[in-house]
Amino acid sequence: MKMLIKNGWVVDPSCGRNAKYDILIEKDRISKIGKGLEDEDAVLIDAKGKIVAPGFVDMHTHLREPGREEAETIATGMNAAVSGGYTTVCPMPNTEPACDSHADVTFLLERARDLKKCNLLPIGAITKKREGLELSEMAELKEAGCVAVSDDGSSVPDASLMRRALEYASMNGLLVISHCEDKALAGDGVMNEGYFSTLLGLAPIPREAEITVVERDIRLAELTGARLHIAHVSTAESIDIIKKAKKRGVNVTCEVTPHHFTLTDGALRGYDTDLKVNPPLRTAEDVKAIKEAIEDGTIDVIATDHAPHPENEKEKEFDYAPFGMIGLETALSLGIQELVDGEYLNWEGLVDKMSTTPSRILGYDRGTLQEGAVADIVIVDPEKEWVYSADKIRSKSKNSPFIGKKMKGAAVYTICGGKIVYKG
């Protein structure tokens, strides 16, 4: 089947294309990009007034399957992803059982192929069962199809083991994604330590719980020469450490979530458990530092950390509710409102951090609209106004503090492998 996207404003950071073009798709590939293209046999999509960009790639998603299907399944997670403009998601391995074997990876890939909705790039566990005691069989995970390893949800507590993890991952061509949290420091904390934790009487998590492990893992990456990616950065001090490491030539990249550049710990005054996330929401000063680091390029990637939980789990006292919020369906709008409208990024910068750079970090052949590339494409209406309502959420869980909020900008078409998988 042929498809012709006409009159759209094409934004492709991979080649610096930022102008009005037409795109012809044949089968699963982009066959032509130009002006005034015509093809009578092609299905026509008029993208006038729209942004046409490479499909988004989420480096940090929780799909919960297997083991927690009451919160999310691969099918419902993919439905949420494509409605947010994502054509690829990378599920974290903190499932039940943890994704730490060839069989686990094969299950995920076969499930995704059966669904034919969007692409799935598995992330395997650094340690067996994510217990932090013994390294997983990384060669086996790589052979099965993993692009990275992580014990997300936990740090690797033993520095010597983390060093060996970086060495073995490097030998196998795998990226290491680090969840930086000293559990001993974090303790039973539920929110950022500071004025609001004192005011609200909630157990605090000191920012040093993140900062000390960021420093440790970067030093270990520097020692081993391995590739390291820091997940969900949330503090100004972590950003400063990463910036200095990059200047020294350390092979480190990092990501930030939309909720960490949008919300502060002051939002918890209503004790809304949908705002309970890990790492916790930080201060206004941290949010400012994050936005400035997005602008200057210290932060490489915007990732959702989409973390679904069923309503009965979130409807508990704040201390006992689980950490996490969903984010696949709101990330684009928050990026537009906070970063593009806030003049921290232009459209090319936003697409780069949501598509092109994550693809590059993962060694993945997407994030581009060049001729011959796989036709993974999102068409965005940058001015569309809509309300994020619970009854229209495509994720199986509804744990978002943005429900009922007016949003700006939305994916109106998501095309994966040359097929329309979402039309809004």
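Residues numbered from 1 in each chain as written. Predicted model: local features only at pLDDT ≥ 70, side-chain atom pairs only at ≥ 80, totals over all residues. Heavy atoms only, no water.

**Overview of the sheet that holds strand β16 (residues 301-302)**
To be explicit about the condition: The pairing criterion for strands is at least two bridges between them, as found by DSSP. Helix numbering and strand numbering both begin at the N terminus, where a helix is a DSSP run of H or I of at least 4 residues and a strand a DSSP run of E of at least 2. Residue contacts follow a heavy-atom distance rule, with two residues in contact if any of their heavy atoms lie within 4.5 Å. What counts as an axis is a line fitted to C-alpha atoms, over the stretch in contact for a helix, and the angles between N-to-C directions run from 0 to 180 degrees.
Taken together, the 6 strands give an open sheet; going across it, the order is β9-β10-β11-β14-β15-β16, and neighbouring strands pair in parallel fashion. Where the open sheet ends on each side, the last strands, each with one partner, are β9 (123-124) and β16. Of the pairings in the sheet, the one linking strand β15 (residues 252-256) to β16 comprises 2 bridges and is parallel in character. In the sheet register, V256 faces β16, and the bridge partner there is I302. The sheet contacts of helix α7 (residues 208-224) involve β11 (175-178), β14 (228-230) and β15, and relative to β14 the element is tilted by about 165°.

**Overview of the packing of helix α1 (residues 74-83) against helix α2 (residues 102-115)**
Stated precisely, the cut-off is as follows: We call two directions roughly parallel when the angle between them is under 35 degrees, roughly antiparallel when it is over 145, roughly perpendicular when it lies between 65 and 115, and oblique otherwise. For any helix crossing, the convention is left-handed if the near helix is rotated counterclockwise from the far helix by under a right angle, and right-handed if that rotation is clockwise. Any residue that is not Ala, Val, Leu, Ile, Met, Phe, Trp, Tyr, Cys, Pro, Asp, Glu, Lys or Arg is counted as polar, Gly included; the first ten are nonpolar and the last four charged.
Contact pair α1 / α2: the axes reach a minimum separation of 10 Å and the direction vectors enclose 60°. When the interaxial angle is binned, α1 and α2 end up oblique. The way α1 lies across α2 gives a crossing that is right-handed. Touching I74, A75 and M78 of α1 are F107, L108, R111, A112 and L115, all from α2. Classifying every residue of the contact of α1 with α2 gives 7 nonpolar, no polar and 1 charged.

**Brief notes about the side chain of D300**
Just so we agree on the cut-off: Distance and chemistry together define a polar contact, namely a pair of N or O atoms within 3.5 Å, with one atom able to donate a hydrogen and the other to accept it when in protein, and with adjacent residues in sequence counting only for side-chain atoms on both sides.
Counting through the fold element by element, D300 comes out in the loop between α10 (284-296) and β16. For D300, the side chain forms a polar contact with the side chain of K246, separated by 2.8 Å. In terms of polar contacts, D300 uses its side chain to reach the backbone amide nitrogen of C254, at 2.9 Å. Excluding anything up to four places from it in sequence, D300 contacts K246, T253, C254, K353, T357 and I361.

**Observations regarding the sheet that holds strand β6 (residues 56-61)**
The strand order across the open sheet built from 3 strands is β6-β7-β8, with neighbouring strands paired in parallel fashion. Both edges of this open sheet fall to β6 and β8 (119-120), since each of them pairs with a single strand only. By the bridge criterion, 4 bridges tie β6 to strand β7 (residues 86-91) in an arrangement that is parallel. Bridge assignment links V57 to a residue of β7, and that residue is T88.

**Digging into the pattern of salt bridges**
To keep it simple, the criterion reads: We define a salt bridge as a contact between a side-chain nitrogen of Lys or Arg and a carboxyl oxygen of Asp or Glu at a distance within 4 Å. Only protein chains enter the accessibility calculation, which uses a 1.4 Å probe. A residue is then buried if its area is under 20% of the maximum for its type, exposed if over 50%, and partly exposed in between.
Scanning the model with the defined rule gives 28 salt bridges in all. Of the charged contacts in the structure, one is a salt bridge between R207 and E237, with a shortest N-O distance of 2.9 Å. In this pair, R207 is assigned in the loop between β13 (204-205) and α7 and E237 in helix α8 (residues 236-248), connecting sequence segments 30 residues apart. You can call R207 buried: its relative accessible area is 16%.

**Topic: unusual backbone geometry**
A cis amide bond links E96 with the next residue in sequence, P97, at an omega value of 5°. Examined against the element boundaries, P97 turns out to sit in the loop between β7 and α2. Put simply, N278 and P279 share a cis peptide bond, and its omega is 5°. On the secondary structure map, P279 appears in the loop between α9 (258-262) and α10. Here the phi dihedral of Y271 falls at roughly 55°; this positive angle occurs in a residue that is not glycine. On the accessibility criterion, Y271 (40% relative accessible area) is partly exposed. Positioned with a positive phi, D305 is a non-glycine residue whose angle comes to about 50°. Its location among the elements puts D305 in the loop between β16 and α11 (311-314). The class for D305 is buried, based on a relative accessible area of 8%.

**Considering the nonpolar core**
Applied cut-off: For this analysis, a nonpolar core means a set of buried residues of the types Ala, Val, Leu, Ile, Met, Phe, Trp, Tyr and Cys, connected via side-chain atoms within 4.5 Å.
I218, L228, I230, W347 and L350 are the most contacted members of the largest nonpolar core, which has 95 residues in total. With sequence-adjacent residues up to four places away left out, W347 is seen in contact with V11, I51, L332, I336, V340, V380 and P382. Counting 17 residues, the second-largest nonpolar core is a separate cluster that includes I5, V10, A47 and I377.

**Structural notes on the environment of D352**
Among the structural elements, D352 can be located in helix α13 (residues 347-362). With 28 residues separating them along the chain, D352 and G324 place their C-alpha atoms 25 Å apart. If we skip the residues at most four places from it in the chain, D352 touches P13, T357 and P358.

**A look at the packing of α8 against α10**
Between α8 and α10, the least distance of the axes is 8 Å, while the angle of their chain directions is 25°. Taken together, the axis directions place α8 and α10 in an arrangement best described as roughly parallel. Only D286, A289, I290, A293 and D296 of α10 make contact with α8, whose side of the interface consists of A236, E237, I239 and K243. Along the lines of polarity and charge, the residues of the contact of α8 with α10 split into 5 nonpolar, no polar and 4 charged.

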